[in-house]
Amino acid sequence: MNQSFFIGAVGAHQQLKRLTVHGNNIANVNTYGFKAEKGRFTDLMYDHIRAIENDELPSGTGSALWVTDTDFSAGAPVSTERDQDYMIEGDGFFALVDLETNEISLTRNGSFVISELQRASGEVDDTGTPTMETVYYLSDNQGRFVLSRSGGMIEVADRHAEQPVGVFDYINYSGMEHIDGTRFLAVDKNGGIRLGDSPAIQGMLENSNADLAEELTKVIESQRAYGMALKMVQTSDEIETTINGLSS
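Below is a summary of the structure that appears in this document. Note that the structure is predicted; figures quoted are calculated from it, not measured.

Each helix and strand in the protein chain was counted, giving 2 helices and 17 strands. Scored against the burial criterion, the 248 residues of the protein chain give a buried share of 34%. For the protein chain, the computed accessible surface area is about 14,500 Å², with 51% contributed by carbon and sulfur atoms.

Below, the discussion takes up the packing of aromatic side chains. According to the stated counting rule, one finds 8 aromatic pairs in the structure shown. Taken together, a centroid distance of 5.2 Å and an interplanar angle of 80° make the contact between Phe-94 and Phe-112 edge-to-face. Of this pair, Phe-94 sits in strand β7 (residues 94-98) while Phe-112 sits in the loop between β8 (104-107) and β9 (113-124); the two residues are 18 residues apart in sequence, bridging distant segments of the chain. Measuring from centroid to centroid gives 6.2 Å for Tyr-137 and Phe-145, while their planes differ by 80°, and the two rings are edge-to-face. Summarising the burial analysis for this pair, Tyr-137 and Phe-145 share the class buried.

What follows deals with the pattern of salt bridges. Tallied over the full model, the rule gives 10 salt bridges. Put simply, Arg-183 and Glu-103 hold a salt bridge, and the shortest N to O gap is 3.5 Å. Of the two residues, Arg-183 is situated in strand β14 (residues 183-185) and Glu-103 in the loop between β7 and β8; the sequence distance between them amounts to 80 residues. Across the pair Glu-206 and Arg-108 runs a salt bridge whose closest N-O atoms are separated by 2.9 Å.

Residue placement: Lys-17 occurs in helix α1 (residues 2-27). Residue Lys-17 is classed as partly exposed on the basis of its relative accessible area, which comes to 38%. The spatial distance from the C-alpha of Lys-17 to the C-alpha of Gly-39 is 8.7 Å, given a sequence separation of 22 residues.

Relative to the assigned elements, Asp-98 resides in strand β7. Look at Asp-98: it is buried, it has no salt bridge, and the nearest opposite charge is Arg-144 at 4.8 Å. At 2.9 Å, the side chain of Asp-98 forms a polar contact with the backbone nitrogen of Glu-100. Leaving out residues up to four positions away in the same chain, Asp-98 has contacts with Glu-103 and Arg-144.

Attention shifts here to the pairing of strand β10 (residues 130-139). A regular strand carries its side chains on alternate faces of the sheet. Bridge analysis of β9 against β10 gives 9 bridges, and the strand direction is antiparallel. Within β10, the position partnered with Ser-115 by the bridge is Tyr-137. Hairpin geometry of β9 and β10 is characterised by an intervening segment of 5 residues between the two adjacent antiparallel strands and by a positive phi of about 85° at Gly-128.

To continue, consider the nonpolar core. Within the largest apolar cluster, 13 residues are counted, with the highest numbers of intra-cluster contacts made by Phe-93, Ala-95, Leu-106, Leu-147, Tyr-170, Tyr-173 and Met-176. Sorting the residues of this core by element identifies β7 and β10 as the ones contributing at least two each. Setting aside residues no more than four positions away along its own chain, Phe-93 makes contact with Phe-72, Ile-88, Leu-106, Thr-107, Arg-108, Gly-166, Val-167, Phe-168, Tyr-173 and Met-176. Core analysis: the next-biggest nonpolar cluster, separate from the first, contains 12 residues, Tyr-86, Leu-138, Val-167 and Ala-200 among them.

Quick look at the environment of Gly-191 now. The residue Gly-191 is located in the loop between β14 and β15 (194-195) in this model. As a C-alpha pair, Gly-191 and Ile-171 span 20 residues in sequence and 6.0 Å in three-dimensional space.

Positive phi, normally seen in glycine, also occurs at Asn-102, with a value near 65°. Backbone geometry at Asn-141 places phi at a positive 70°, although glycine is not the residue there. Among the secondary structure elements, Asn-141 is positioned in the loop between β10 and β11 (144-146).

Conventions and cut-offs
Residues numbered from 1 in each chain as written. Predicted model: local features only at pLDDT ≥ 70, side-chain atom pairs only at ≥ 80, totals over all residues. Heavy atoms only, no water. Helix = DSSP H or I, 4+ residues; strand = E, 2+ residues; numbered from the N terminus. Buried < 20%, exposed > 50% of the residue type's maximum accessible area, 1.4 Å probe, protein only. Areas by Shrake-Rupley, 256 points an atom, 1.4 Å probe, with all protein chains shown as cover. Phe/Tyr/Trp six-rings, centres within 6.5 Å; stacked < 30°, edge-to-face > 60°. Salt bridge = Lys/Arg side-chain N within 4 Å of Asp/Glu carboxyl O. Lys, Arg positive; Asp, Glu negative; His and termini not counted. Polar contact = N/O pair within 3.5 Å; in protein donor to acceptor, adjacent residues only side chain to side chain. Contact = heavy atoms within 4.5 Å. Pairing = 2+ DSSP bridges. Core = buried A, V, L, I, M, F, W, Y, C linked by side-chain atoms within 4.5 Å.

If you want it as structure tokens, here you go:
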């Protein structure tokens, strides 16, 4: 009886996790460059028990959300006609560098802006203090800067001109770490980074690849599975209460 109670409780908890995954996908249906995630489940302590006439019956303690896979298929193209919007036509990612941590992250969201930085001009004033100059770079507007095809930051001279935005790629995308929003970090199994073959199209963006109809269907599935798991918990509790009442 305790086992059925435990299986129901675990099932309800895991379906809540699944709802979180699909809820996040729904929340990002209109986020440029977002990649939907899908929950993968696995068995918990699956075994066989010996029954009448030595028949073996499968017995387990339920299932759990094992991992969330990311769907890296391309989203629909959207024309924005903004000078510093870019869409990758094919495979690959844009690379962003955080100057504070030196972390390089990957994204398919090419909605970039021009940000300013202060750097030493190489000259000094009358007191011998190095003077600073304002330089403009392409960034994601969140403190990270876009890398060019040569791997350096993109210094912008003409705000309306197409910039040499780099497109980078990996042998496979399996296991990439989804850190936040539309950004990813590569792991060892992805292989080494390489310059991608896909072009970056100016004035366009890639829509989210989350399908609202599919996500809502998955939410309904999770809600029903959650309700069934709670019903198992309730039934197990009622049976145990009845047995305890008889024994007293």
